[in-house]
Amino acid sequence: MKLSVRSRILWLCVLLTFPAFLVSGVPTRSAAAGPVVISYWHGLTGPDGKYLTSMAEQFNKEQGGVHVNVSVYPWDVFFDKWVAAAAAGNPPDLVTYHINEMPQYQEKGILVPLDDLVKEAGIDMNAFPAVAFQAAHRQGKLWGVPLDIHPIALYYNVALVQAAGLDPNKPPTNRAEFLLWAKKLTKPDGSQYGVAMPGTNVDTFRVWWGWIYQNGGRFISDDGKTAVMDNPKTAEALQFAADLISKYKVAPPGESDPDADFKSQKVAMEFQGPWWITGYLDAGLNFRTAPQPVIFSQPGVWASDHFFSLSETNDAKRKMAAITFVKWVEDHALLWSQAGQVPANEHVRSSEAYQKSKLYPYLRGFQAEIPYAHLTPSIVQSTEIFAENVQTPLVVNYQAVMLNKKSASQALKDMQKGIQSVLNR
Amino acid sequence: MTAYLFLAPYLLVFLLFLLLPALASVGVSFTRWGILGTPRWLGVQNYRTILTDAMFWKAFRNTLYFTLLTVPPLVAGGLGLAVLFNQPLRGRVLARTVVFVPYAIMVTVVGMLWSWMFNSNFGFVNFYMQAVGLPKVAWLTDAVWAMPAVAISTVWWQIGTNMVIYLAGLQEIPAELYEAARVDGSGIWKSFLYVTVPGLYLMHVFVIPLSVIASLRAFGQILVMTHGGPFGQTYTLVQHLYATGWVNFRMGEASAVGVVLLLVTLLLTVVQLRYFRAI
């Protein structure tokens, strides 16, 4: 008898615990009248992310129809959480990430086609750069609205440039000028280098990527099915990157943090995206930016793009609310530009308010690169091939060249084999 | 019955969040699954895929190398520190705490701390190495030194637990044994070898296999410090599992990596326990 009382208590415990597990997964959205509440996730954890969040707050204050709840997750976990939430049937209404990753999630069926929604909201898709417009489409449908476009450009330290007897008003535009600057800005005792060349940190292929296109080289075929980086033009571009370290000796070997080195004035030049502008200004650094010099025969730079897409929630009201917020952000992209991002929207870029804004002198150089920007290919395997925080065939072979452990041609052979096997899967 | 009741909270969590998912992942390892949609049966295809992948074998070799670099200092060092701080020295409580405290630090913080210390430009490790006339080493970005650097940080982080366990073991060894040894003419070294080491038998059975298991599963500190770089030199099996599953969403292959790691761990543990005649 006594035993059964105990076992009843035990079962009571179990039964009391279980509903708690079940209930915790159920979203609590009030059905009562009031604003349509939508959730918005992004992975911008840096200073720029705060601008995005405060824009949502401003939007919430300005109108009463839609309320946006913002959640920020580092990119490392962002996609895991998003996919898991979609699998659980409760995904965020709106997400911002990088446009080249769209096909992977479109393929999973968790995105909403936006063709009708943008028309209804009055978003002018022709206002976006052609590369971003194309990348937002797949299988004849629109899956995203570009927010910004971020090519990498040249950052240079004005004080160090002047100290080396160079003119900061005339940044290098070609290979000869670039090498001259890099040499003059390098001190023989190793206390200062001309340029930081990403070698072993998470920024890997981006600078080289631009040079591939400058040299007329190729990386992946246009249909996204064949790896073609094992060719002399691409190898020449990669060799130049390695030469800056081992032949010209103007870039520090074993570079692990170009941004920290530029900030601490250990290197005088750096190729980086516009997201560092505010960080360097806050650090009180005297720097300027300029389009990347043309090292080979034609201009070309790497770029990426933050954009909006909607998860499939099967709720027309919430989808409309989400796109209404997107429209508002597009119209207010001037605010976003002050986080150090070039607005994708042409209407904003040509506005006087933007061109008179505080950051415009720094953003101008990036903006000039848009016509010849080459985005990371938008293919289903984009993350698997281009992720820089894991050891992919791209990262492993690139780093081996930068550390002088492999020749450029051997590395590209190995890279091609590795990437092709990813494409084949 | 009451005992089960008290165990229930732990067992429930263990079942729901450890045992069931672990069993499920064995099932998943035979399928193609990307979290969304229904898993598709593949048989042993995933095992074939991962076992023919060069990155898997690189991670496998790196994992064994990391284990070899960390376990001997973790065990011998832990034992040495325990013996040292078991002596009636002044400030030994403080010293024990100093050695043990790193273990309480979160793994990401450990990674960040050592990233700074090993930094090739402003890290203090290089500062002191140069001060005593040694050449500068780009610890975390050097093909040869990256793994030892990660291993050093791991030993610093983990050694405290082993020391505490050995310290507890030392209290159990009767003082008469040392006295008898001294009477028989053995010095400090011989007493250590023939009284202390065998006297800690039960501790060895616990400490050594657990250190091996922890090293085989190393992940967080390496991810923070090197991301598995430079060019895969510190890429371990759990990182391979993470990248396959959570970056590339190939849950089937990731689960297969997990199962292989489990089998390797099991094998090594059985070998050790057989050696200690514990099973």
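Residues numbered from 1 in each chain as written. Chains lettered and ligands numbered in written order. Predicted model: local features only at pLDDT ≥ 70, side-chain atom pairs only at ≥ 80, totals over all residues. Heavy atoms only, no water.

1. Some thoughts on the interface of chain B and chain A
Think of interface size as the accessible area that goes away when the parts come together; that is how it is often given. Each partner contributes residues to the interface: chain B has 31 residues there, and chain A has 37 residues. Here chain B packs against chain A, burying approximately 3100 Å² in sum over the two surfaces, 67% of which is carbon and sulfur. The largest per-residue losses of area from chain B upon contact with chain A belong to M1(B), L36(B) and F231(B), which jointly make up 21% of the total buried on that side. Inspection of the chain B/chain A interface yields two salt bridges. With its nearest N and O atoms 2.7 Å apart, the salt bridge here joins E384(A) to R250(B). For the side of chain B that touches chain A, the secondary-structure elements that each account for two or more residues are α1 (2-28) and α12 (237-247) of chain B. Among the elements that line the side of chain B that touches chain A, the one with the most residues is α1(B), at six residues. Residues of the side of chain B that touches chain A, tallied by class, amount to 18 nonpolar, eleven polar and two charged. (Contact = heavy atoms within 4.5 Å. Buried area = accessible area lost by both parts, 1.4 Å probe. Salt bridge = Lys/Arg side-chain N within 4 Å of Asp/Glu carboxyl O. Helix = DSSP H or I, 4+ residues; strand = E, 2+ residues; numbered from the N terminus. Nonpolar A, V, L, I, M, F, W, Y, C, P; charged D, E, K, R; others polar.)

2. Some words on the sheet that holds strand β10 (residues 287-290) of chain A
Residue and element names in this part refer to chain A. The four strands are arranged β8-β9-β7-β10 in an open sheet whose pairing can be described as mixed. Every interior strand has two partners, whereas the edge strands, β8 (193-196) and β10, have only one. Pairwise comparison of adjacent strand axes, ignoring direction, gives a mean angle of 20° for this sheet. Sheet topology places strand β7 (residues 153-157) next to strand β9 (residues 267-272); four bridges connect them, and they run antiparallel. Along β9, the bridge assignment pairs A153 with Q272. Strands in contact with helix α8 (residues 175-184) are β7, β8 and β9; relative to β9, the strand with the most contacts, it is inclined by about 135°. (Pairing = 2+ DSSP bridges. Axes fitted to C-alpha atoms, helices over the stretch in contact; angles between N-to-C directions.)

3. Observations regarding the confidence of the model for chain A
Summarising the model, chain A shows a mean pLDDT of 91, and 92% of its residues fall at 70 or more. A low-confidence stretch, residues 12-31 of chain A (pLDDT under 50), is modelled with nine contacts involving residues beyond four sequence positions or located in other chains. (pLDDT = per-residue confidence, 0-100.)

4. Side note on the pattern of salt bridges
Counted according to the given criterion, the structure contains eleven salt bridges over all chains. In this structure, the salt-bridge partner of D315(A) is R318(A), at a minimum N-O distance of 3.7 Å. On the basis of relative accessibility, which here comes to 25%, the residue D315(A) falls in the partly exposed class. R318(A) sits in the buried class, given a relative accessible area of 13%. Notably, a salt bridge pairs E352(A) with K356(A), separated by 2.6 Å at the nearest N-O pair. A cluster of three or more residues bridged by salt bridges with shared partners is formed by E384(A), R425(A), R250(B) and E253(B). (Buried < 20%, exposed > 50% of the residue type's maximum accessible area, 1.4 Å probe, protein only.)

5. Things to note about helix α13 (residues 251-275) of chain B
Each α-helix turn comprises 3.6 residues. Residues three or four places apart therefore point the same way. Helix length check: α13(B) (25 residues) gives 36 Å between terminal C-alpha atoms against 36 Å at 1.5 Å per residue, within 8%. Positive phi appears at R277(B), one or two residues downstream of α13(B), with a value of about 55°. (Expected span 1.5 Å × (residues − 1).)

6. Structural notes on the pairing of β7(A)
Residues and elements named next belong to chain A. Taken across its five residues, β7 has five buried, putting it largely inside the fold. In this sheet, β10 lies alongside β7 in antiparallel orientation, the contact comprising four bridges. Bridging from a neighbouring strand, Y156 pairs with R288 of β10.

7. Topic: the layout of surface pockets
Over the atoms, a rolled probe matching the size of one water molecule traces out where space is still vacant. Here the second largest pocket is characterised by a volume of approximately 1200 Å³. Around the second largest pocket, the lining comprises 30 residues; the ones closest to its centre are L18(B), P21(B), A22(B), S25(B) and L241(B). Those elements that provide at least two residues to the lining of the second largest pocket are α3 (75-87) of chain A together with α1, α12 and α13 of chain B. No other element matches the nine residues that α1(B) contributes to the lining of the second largest pocket. Looking at the lining of the second largest pocket residue by residue, the classes come out as 24 nonpolar, five polar and one charged. (1 Å grid on protein atoms, 1.4 Å probe; cavity = no way out; pocket = protein on both sides within 12 Å on 5 of 7 lines; lining within 4 Å. Points joined across faces, edges and corners; volume = space filled by probe spheres on them.)

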